[in-house]
Amino acid sequence: MSSNDNQDFKTREVHAGVSPDPLTGAILTPIYQTTTYVQESVDKYLEKGYSYSRSGNPTVTALEEKITALEGGVGSLCFATGMAATSCTIIGMVGAGDHIILSDVVYGGTHRVSTKVLNRWGLECSFVDTADAANVKNAIRDNTKLIFTETPANPTLKLTDIAAVSEVAKAAGIPHVVDNTFLTPYYQRPLELGADITLHSTTKFMEGHNVSVGGSITCANQEHLEKIMFVRNCLGSNMTPMVAFYTLQGVKTMSTRLEAQSANALKVAQFLETHANVERVCYPGLESFPQKELADRQASGHGSMLWFEVKGGVESGKKLMDRLQLWSLAENLGSVESLVTHSVTMTHADMPREERLAAGITDGLVRLSAGLESSVDLIADLKQALDSL
Ligand SMILES: *Cc1c(COP(=O)(O)O)cnc(C)c1O
């Protein structure tokens, strides 16, 4: 029961990072619920690798090793939440007066921490349309220290060409971080496409069962890893062993869930395209997806996220969301339960309206995260709600 780099993704997903407990043979890595680690002697301090659970914990290490085995790179770090991963990455890589370039469509919290918290320490941010790498190149200044993209982006699903932006970043000597939450390393591996750091909200597909919030990063470069690890320890943004335990179990079925949820998403998207009360459907697996060629080129699957607009605008959209029964009206995505979200009032409420509209996050956008239920039931629920409008 060991894992190595030559094994298929699905084998590494189950076995990497985990080996039977040497004391008992327990097949699962235990929850090392402890603050501290007794040292054998002053001279042998840190001999076993751990001193205090803010700095490191064996259950968390097991998850970090598993994620590295899936994303590639030199190592991973786990955090209390996806936002802790984002914040520590930015703080670790830049300083006061530096400039960063972000995708114009990013997770609402990423926009919020950059423009409402980190700006107070003099961080300058440019939100650019990273779908075209030329825009990234044009936005680079002398003090640009980080390029942060998210693809597919939450919630519009706009794609960034990871290889093209990584090339621009490399030429300028600026690290490129990719938020890979929507597709997971099973469908998309940014480090193989030239990115320097890949980031996840493990809350989403990795844990996948609406049990816990968490985050991770994986670095291609040891120096980046150490800078961010230092900040994680200073700020105390580490993941707890309990969350690492849940996530270790969740990841084992990640690719299998993603395949089934993506198949459901495609069926739902195809159904929505045929309904008279639907104005527009967006899913990277549909021929009508504006960046279909890029979607097929840089990812091996299209994920469980889609969105649509209902005829009749916001009012019809709200009615529809209230009438859905099987789809739960909730923030979060990537879980086994199917969820519906109104991004404008929920996940992206803090983004200024003009900026939101310019990024394509319209008032009537209904975001869906297809779960693991039967597609027949999921479609029937959408049909009854749409028919009633
Ligand atoms: C949810 C999400 C985050 C933030 O993660 P939390 O675990 O909620 O802090 C970051 N990026 C993307 C793309 C997300 O969907």
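Worth saying up front: this structure is predicted, and the values here are computed from it rather than measured.

The rules behind the values
Along each chain, numbering runs from 1 in the same order as the chain's sequence is written. The predicted nature of this model means local features are confined to residues of pLDDT at least 70 and side-chain atom pairs, given and counted, to a pLDDT of 80 or more, with totals for whole chains, interfaces and linings taken over all residues. Excluding hydrogens and water, the side-chain figures rest on all heavy atoms present in the structure. Domain delimitation follows an automatic or database domain assignment. In what follows, residue pairs with any heavy atoms lying within 4.5 Å of each other are defined as contacts. Buried area, as used here, totals the accessible surface that two parts lose on assembly, with accessibility defined by a 1.4 Å probe and the loss added over both. Each salt bridge in this description consists of a side-chain nitrogen of Lys or Arg and a carboxyl oxygen of Asp or Glu lying within 4 Å of one another. The term polar contact refers here to a pair of N or O atoms within 3.5 Å; inside protein, the definition further demands a hydrogen-donor-capable atom paired with an acceptor-capable atom, and it admits residues adjacent in sequence only when both atoms are side-chain atoms. To define axes, lines are fitted to C-alpha atoms, for helices over the stretch in contact only, and angles between the resulting N-to-C directions are given on a 0 to 180 degree scale. Each helix is a run of H or I in the DSSP string that is no shorter than four residues. Each strand is a run of E no shorter than two, and both are numbered from the N terminus. In a left-handed crossing the near helix is turned counterclockwise from the far helix by less than a right angle, and in a right-handed crossing that turn is clockwise. As a working rule, the residues Ala, Val, Leu, Ile, Met, Phe, Trp, Tyr, Cys and Pro are called nonpolar, Asp, Glu, Lys and Arg charged, and the rest polar, with Gly in that last group. Throughout this document, a residue counts as near a molecule or strand when at least one of its heavy atoms sits within 4 Å of that molecule or strand. How far a helix is expected to stretch is found by multiplying one less than its residue total by 1.5 Å. Partly exposed describes any residue whose relative accessible area lies between the buried limit of under 20% and the exposed limit of over 50%, with all areas from a 1.4 Å probe on protein chains only and scaled to the type maximum. Directions are taken from the helix axis to each C-beta atom, and the arc is the one they span. Strands are treated as partners if at least two bridges between them are detected by DSSP. Here a crossover is taken to be right-handed if, once the strands point away from the viewer, the path from the first strand over the helix to the second is traced clockwise.

Here we take up the domain arrangement of the protein. According to the domain assignment, the protein contains domain 1 (9-251) and domain 2 (254-387). Each of domain 1 and domain 2 has a C-alpha centre, and these two points are 26 Å apart. Counting residues at the interface gives 42 residues for domain 1 and 45 residues for domain 2. Summed over both partners, the interface of domain 1 with domain 2 buries about 3500 Å², with 57% contributed by carbon and sulfur atoms. Looking at the side of domain 1 facing domain 2, the largest losses of area belong to Pro155, Tyr187 and Phe205, adding up to 22% of the total buried there. On inspection of domain 1 and its partner domain 2, the count reaches three salt bridges. One salt bridge connects Lys10 with Glu259, and the closest N-O pair in it is separated by 3.3 Å. If you look at where domain 1 meets domain 2, you find 27 residue pairs in polar contact (both at pLDDT 80 or more).

Put simply, helix 2 (residues 58-71) and helix 9 (residues 241-252) touch, their axes get as near as 8 Å, and they point 35° apart. Helix 2 and helix 9 meet at a crossing whose hand is left-handed. Across from Thr59, Val60, Ala62, Leu63, Lys66 and Leu70 in helix 2, the residues of helix 9 making contact are Pro241, Ala244, Phe245, Thr247, Leu248, Val251 and Lys252. Each residue belonging to the contact of helix 2 with helix 9 can be placed in one class, and the counts come to nine nonpolar, two polar and two charged.

Among the structural elements, Glu13 can be located in helix 1 (residues 9-15). Setting aside anything within four residues of it in sequence, one finds Glu13 in contact with Lys66, Leu70, Val251, Lys252, Met254 and Ser255.

Most peptide bonds take the trans configuration, and most residues that are not glycine carry a negative phi. That bond from Thr151 to Pro152 is cis: its omega, -10°, falls within 30 degrees of zero. A cis geometry characterises the amide bond from Asn154 onward to Pro155, with omega recorded as 5°. Mapped onto the fold, Pro155 is located in the loop between strand 4 (144-150) and helix 6 (162-172). Phi is positive for Leu157, which is not a glycine, with a value near 70°. Tracing the sequence through the fold places Leu157 in the loop between strand 4 and helix 6.

Time to look at the site of the ligand. Close to the ligand lie 14 residues; Met83, Asp179, Ser201, Thr203 and Lys204 are nearest. Within the backbone of Met83, one N or O atom sits 2.8 Å away from an oxygen atom of the ligand. Thr203 places a side-chain nitrogen or oxygen 2.7 Å from an oxygen atom of the ligand. Of the residues belonging to the shell around the ligand, the class tally is four nonpolar, seven polar and three charged.

Let us now look at helix 14 (residues 375-387). Relative to the 18 Å expected for 13 residues at 1.5 Å per residue, helix 14 spans 18 Å between its end C-alpha atoms, a close match to the ideal helical length. Ser375, Leu378, Ile379, Asp381, Leu382, Ala385 and Leu386 are the residues of helix 14 that are buried. Buried residues in helix 14, looked at end-on, bunch into an arc of 155°, giving them a common side. Check the buried side of helix 14 and you find it contacts helix 10 (254-274), strand 8 (278-282), strand 9 (305-310), helix 12 (313-323) and strand 12 (365-369). Two or three places before Val376, at the opening of helix 14, Ser374 has a side-chain oxygen 3.1 Å from that residue's backbone nitrogen.

Burial of strand 4 is extensive: six of the seven residues sit out of reach of the surface. Bridge count between strand 2 (residues 99-103) and strand 4: four bridges; the pairing is parallel. Within the sheet, the bridge partner assigned to Ile101 lies in strand 4 and is Ile147. Where strand 4 and strand 5 (residues 176-179) come together, four bridges link them in parallel fashion. Residue pairing for strand 5: Thr149 is matched across the bridge by Val178. For the handedness criterion, the β-α-β arrangement of strand 4, helix 6 and strand 5 is classed as right-handed.

Turning our attention to the environment of Gly92. Summarising the element assignment, Gly92 is placed in helix 3 (residues 82-93). Its relative accessible area of 15% is what places Gly92 among the buried residues. Distance in space between the C-alpha atoms of Gly92 and Phe230 is 7.7 Å, their sequence separation being 138 residues. Those residues in contact with Gly92 that lie beyond four places of it in its chain are Lys227 and Val231.

This model, assessed by the stated rule, comprises 16 salt bridges. With a shortest N-O distance of 3.0 Å, Lys158 and Asp129 are connected by a salt bridge. Within this pair, whereas Lys158 is found in the loop between strand 4 and helix 6, its partner Asp129 is found in the loop between strand 3 (124-128) and helix 5 (133-139), the two being separated by 29 residues in sequence. Overall, the relative accessible area of 29% leaves Asp129 in the partly exposed class. For Glu223, the salt bridge is made with Lys227, and the minimal N-O distance between the two is 3.9 Å. Taken together, the positions of Glu223 and Lys227, both in helix 8 (residues 222-235) and four residues apart, correspond to about one turn of that helix. On the basis of relative accessible area, Lys227 is assigned to the partly exposed category, the value being 35%. Taken together, the shared-partner salt bridges connect Asp104, Asp129 and Lys158 into one network.

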